[in-house]
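# Overview (structure and organization)
Chain residues, written in single-letter form:
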Amino acid sequence: MEQELEALQESTTVILLQDSDPLCVETTLLTKCSRVFRFILDECQFEEEDLSDFSPDSVRVFLTLLDDGKLGEIEDNMFREINKMAVAFEIAWLQEECREWFRKKILAAQNEEEKTFLFEESYFILIKLKDQYYMKMFVDQFGGSDDVNFILSKYLSDLENLDIEMIYPLLQLGGDNSEIFYKTICDSIRNSSHLGKNVLYLLQNINIRYFQANLQQWSNLFDEIVELPDISVSSLRSIYTLSNEAWRAVSSDSSKEESTKTIYDGNKNMGLLYMCDDIDDIVRAVNDGKIDSMGTVIILLMRVLQTSSSSHDEIDQFISNIERLCEKKKLNRVPRQIIDSIISTLEHSDKENAKHLVSLLTRLQRNTLFSSPNRENNILHGVTLRKDSILTLTEWMFTLKHSTSRKCTQPGKCGFILRERLIRENITVVELVTDEELYRDISWRFSDAAVHYHDNISARDLCVYWVWTVILPNGVVLDTIELELPRCRLSKFWLPPGTKREFKAAYVAYNVSDYMVAK
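Read on for a plain summary of the structure. (Residues numbered from 1 in each chain as written. Predicted model: local features only at pLDDT ≥ 70, side-chain atom pairs only at ≥ 80, totals over all residues. Heavy atoms only, no water.)

## Regarding the overall build of the protein
Defined as follows: Elements are defined by DSSP. Helices are runs of H or I of four residues or more, strands are runs of E of two residues or more, and each kind is numbered from the N terminus. Remark: exposure states derive from per-residue accessible area (1.4 Å probe, protein chains only) relative to the maximum for the residue type, with buried under 20%, exposed over 50%, and partly exposed in between. In this analysis, two residues are considered to be in contact whenever any of their non-hydrogen atoms come within 4.5 Å of each other. For the area figures, the Shrake-Rupley method with a 1.4 Å probe applies, and any residue is considered shielded solely by the protein chains shown.
Within the protein one finds 23 helices and 15 strands. Evaluated residue by residue, the protein yields a buried proportion of 48% over its 519 residues. Long-range contacts, defined as pairs at least 24 residues apart, comprise 70% of the intrachain contacts of the protein with a sequence gap of at least 6. For the protein, the computed accessible surface area is about 26700 Å², with 46% contributed by carbon and sulfur atoms.

## Here we look at the pattern of salt bridges
Keep this limit in mind: Salt bridges are defined by distance alone: a side-chain nitrogen of Lys or Arg within 4 Å of a carboxyl oxygen of Asp or Glu.
For the structure shown, the criterion picks out 18 salt bridges. In this structure, the salt-bridge partner of Glu120 is Lys154, at a minimum N-O distance of 2.7 Å. Note that Glu120 is positioned in helix H7 (residues 112-128) and Lys154 in helix H9 (residues 149-156), a separation of 34 residues in sequence. Given the relative accessible area of 46%, Lys154 is considered partly exposed. Taken together, the shared-partner salt bridges connect Glu100, Arg103 and Asp277 into one network.

## A word on the nonpolar core
Short version of the rule: By nonpolar core is meant a set of buried Ala, Val, Leu, Ile, Met, Phe, Trp, Tyr and Cys residues that side-chain atoms within 4.5 Å join together.
Ranked by size, the top nonpolar core spans 78 residues in total, and within it Phe62 and Ile225 carry the most contacts. In terms of residue count, H7 provides more of this core than any other element does, 8 residues in total. With 76 residues, the next largest nonpolar core counts Ala285, Ile315, Leu380 and Ile417 among its residues.

## Notes on the side chain of Asn83
Mapped onto the elements of the fold, Asn83 is located in helix H5 (residues 76-88). Of the residues examined, Asn83 reaches a relative accessible area of 3% and is grouped as buried. Dropping the residues within four chain positions of it, Asn83 is found in contact with Cys98, Ile125, Leu129 and Tyr134.

## Concerning helix H17 (residues 279-287)
Of all the positions in H17, only Ile279, Asp281, Ile282, Val283, Ala285 and Val286 are classed as buried. Once H17 ends, the next one or two residues include Gly289, with phi positive near 80°.

## Some remarks on the packing of helix H18 (residues 294-304) against helix H21 (residues 354-366)
Quick reminder of the rule: Only C-alpha atoms enter the line fits that serve as axes; for helices the fit covers just the stretch in contact. Angles between N-to-C directions range over 0 to 180 degrees. Should an angle fall under 35 degrees it is taken as roughly parallel, and over 145 as roughly antiparallel, whereas 65 to 115 is taken as roughly perpendicular and any remaining angle as oblique. Polarity classes work like this: nonpolar for Ala, Val, Leu, Ile, Met, Phe, Trp, Tyr, Cys and Pro, charged for Asp, Glu, Lys and Arg, and polar for all others, with Gly in that last group.
Two elements in contact, H18 and H21, have axes whose closest approach is 11 Å; the angle formed by their N-to-C orientations is 170°. Here H21 runs roughly antiparallel to H18, going by the angle between their axes. Side by side, H18 and H21 meet where Met294, Ile298, Leu301 and Met302 of the first sit next to Leu357, Leu360, Leu361 and Leu364 of the second. Within the contact of H18 with H21, the residues separate by chemical class into 8 nonpolar, no polar and no charged.

## Description of the environment of Pro229
Within the secondary structure, Pro229 sits in the loop between helix H14 (215-226) and helix H15 (233-251). Accessibility expressed as a relative area gives 63% for Pro229, which makes it exposed. When the C-alpha positions of Pro229 and Ser193 are compared, they lie 5.6 Å apart, and in sequence the two are 36 residues distant.

## Considerations on the packing of aromatic side chains
Two numbers describe a pair of aromatic rings. These are the distance of the centres and the angle of the planes. Heads up, the condition is: In summary, the pairing rule links any two rings of Phe, Tyr or Trp, Trp by its six-membered ring, whose centres are within 6.5 Å, and it sorts them by plane angle into stacked for under 30 degrees, edge-to-face for over 60 and tilted for everything else. Two limits define a charge over a ring: the Lys NZ or Arg CZ must be within 6 Å of the ring centre, and within 35 degrees of the ring normal.
Within this structure, the stated rule accounts for 16 aromatic pairs. For the pair Tyr264 and Trp466, a centre-to-centre distance of 5.6 Å together with 75° between the ring planes defines the contact as edge-to-face. Of the two residues, Tyr264 sits in strand E4 (residues 260-265) while Trp466 sits in strand E13 (residues 462-471), which places them 202 residues apart along the sequence. Relative accessible area serves as the criterion here: at 7%, Tyr264 is assigned to the buried category. A residue is classified by how much of its surface remains accessible, and Trp466, at 1% relative accessible area, is buried. Where Trp396 meets Phe503, the ring centres are 5.9 Å apart and the plane angle is 50°; that geometry is what we call tilted. Taken together, the positions of Trp396 in strand E9 (residues 393-399) and Phe503 in strand E15 (residues 500-510) put the pair 107 residues apart, joining distant regions of the chain. Linked through ring pairs, Phe119, Tyr123, Phe138, Phe142 and Tyr155 together constitute an aromatic cluster. The ring of Phe493 carries the charged tip of Lys351 above its face, separated from the ring centre by 4.8 Å.

## Quick look at helix H6 (residues 92-108)
Given 3.6 residues per turn, any residue in an α-helix points the same way as the ones three and four places further on. Under the convention used in this document: By this rule, a helix spans an expected 1.5 Å times one less than how many residues it contains.
Its 17 residues place the ends of H6 25 Å apart at the C-alpha level, agreeing with the 24 Å of an ideal helix rising 1.5 Å per residue. Along H6, the positions that sit buried rather than exposed are Leu94, Cys98, Arg99, Trp101, Phe102, Arg103 and Ile106.

## Remarks on the packing of H17 against H18
To keep things clear, this is the line we draw: Handedness of a crossing is defined here by the sense of rotation of the near helix relative to the far one, left-handed for an anticlockwise turn of less than a right angle and right-handed for a clockwise turn.
Where H17 meets H18, the axes come as close as 10 Å, and the angle between the chain directions of the two elements is 155°. Classed by the angle they form, the pair H17 and H18 counts as roughly antiparallel. Two packed elements cross with a definite hand, and for H17 against H18 that hand is right-handed. For the pair formed by H17 and H18, the contact residues are Ile279, Ile282 and Val286 on the first element and Val297, Leu300, Leu301 and Val304 on the second. Its residues placed into classes, the contact of H17 with H18 shows 7 nonpolar, no polar and no charged.

## Brief notes about the pairing of strand E2 (residues 23-26)
Put simply, the rule is: Two strands pair under a simple rule: DSSP has to find at least two bridges between them.
Of the strand pairs in this sheet, strand E1 (residues 12-16) and E2 are connected by 4 bridges, and their pairing is antiparallel. Residue pairing in the sheet places Val14 in a bridge with Cys24 of E2. Linking two consecutive strands that pair antiparallel, namely E1 and E2, is a turn of 6 residues; a positive phi of about 55° is found at Asp19 within it.

## With respect to the side chain of Ser122
Stated precisely, the cut-off is as follows: Polar contact is the term for a pair of N or O atoms within 3.5 Å; when the atoms are in protein, one must be able to donate a hydrogen and the other to accept it, and sequence-neighboring residues count only if both atoms are side-chain atoms.
Along the chain, Ser122 turns up in helix H7. A polar contact of 2.8 Å, which involves the side chain of Ser122, links it to the backbone oxygen of Leu118. If we skip the residues at most four places from it in the chain, Ser122 touches Phe102, Tyr134, Met135 and Phe138.

## So, the environment of Gly271
Looking at the secondary structure, you find Gly271 in helix H16 (residues 266-275). Owing to a relative accessible area of 5%, Gly271 belongs among the buried residues under this scheme. Once residues within four sequence positions are removed from consideration, Gly271 is found in contact with Lys136 and Asp140.

## Some remarks on the sheet that holds E1
If you trace the 3 strands from one edge of the open sheet to the other, you get E2-E1-E3, paired in mixed fashion. One side of each edge strand has no neighbouring strand; the edge strands of this open sheet are E2 and strand E3 (48-50). Ignoring which end each strand starts from, the neighbouring axes of this sheet average 30° apart.

In structure tokens:
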């Protein structure tokens, strides 16, 4: 009897609850998917786990979820603590399902109460759990919309006491609504003798175009700030800097090109990946102007069809909707040879939906609204100029025949440089460099890289992709094209487990769009 009792004690853990009787649960229920619980209960051999920081109801739901192995439907008031426990005890599947639950809530949100709940949960997770994903999902869905002005008004009404980490998300949420930020700053400085740190932070992070829209209004505001009786010297310096930048922005030539132009934005794509659950969501994203190229549509299709499939009628409707929007929104087409390569790779996939995806991509490939024929594309191979692990950037040089009808008399080769930057984990941005001084600097630093840029080449003309050599578990070797870095969804998800990958080269399909700019 004593041996049986000891065995029972070894196989169970006592859960201490807040103001309630403790619970006794199987230890394996806690340890099977949490390395934190394994360390506490298996390695340290604790017999109790104190969960009194959480409400008893949420703990009971949490234990039920661990037993079920899925989140399912939960009450809104349970989400915060369930997600906190998933993060605290590093339960990966539950963290992912919490994100999915939250994403569906965002897509379904209609009224102020629902949006307030979602924003406050995003705010809590950002501040307390240091996780930006939830706030980013919320901003991607509602940013710039008048439907969330009530949130801006609520939080900005007490700007001085607001957590400074929340100001930047509010700026993103406000989009182009500069008036509400202007009014907030005016109210703050007129009720204070000094320039508060939050007001200064708000001014420093407002997009410069807010000043450009009504420079005199903002100039008068700067004058009021300078006259504050208790303003510090450092604040004065910051205001003078901001004022000068605003005047320079307005006086500069408005048609002047930026030094870089975005070709691939992994940050934007990540937001779309979270927002799109099925092909109808992709159509809505195109209609809302969040997608400007068929390359992005293909990236989203490879993500959506990982977990869902669509009927023939749904596919027909999808093709019809995208055709209509391509003509209306002027989406960039994707080079046909890129789709060819993706289809060839998918023929080696063991995934259930691979044939479904191949069928859909084949229809996109055959439609000239979606893909550009091979004869219209100039495929350029990139030469690595610099790979800087400290700055987390890579520079690629591409050369081409002179891009105008007249003979080029400039020294070196015609071409352009792309800069790939890692902006955060698993997120990259690729930009076209247009700054002439940078080209001269690179030519000076690299003797074999004397390349010059012609301004009739624009980011909209270019489709960047990356080629990897993969070795399948059965020994087959093939080159596969990836349209997104560094996630490499095609080779990582769609090919069999055990597939080995090696980076080969970066390429650009030049002149892929019918809707050129800067000609």
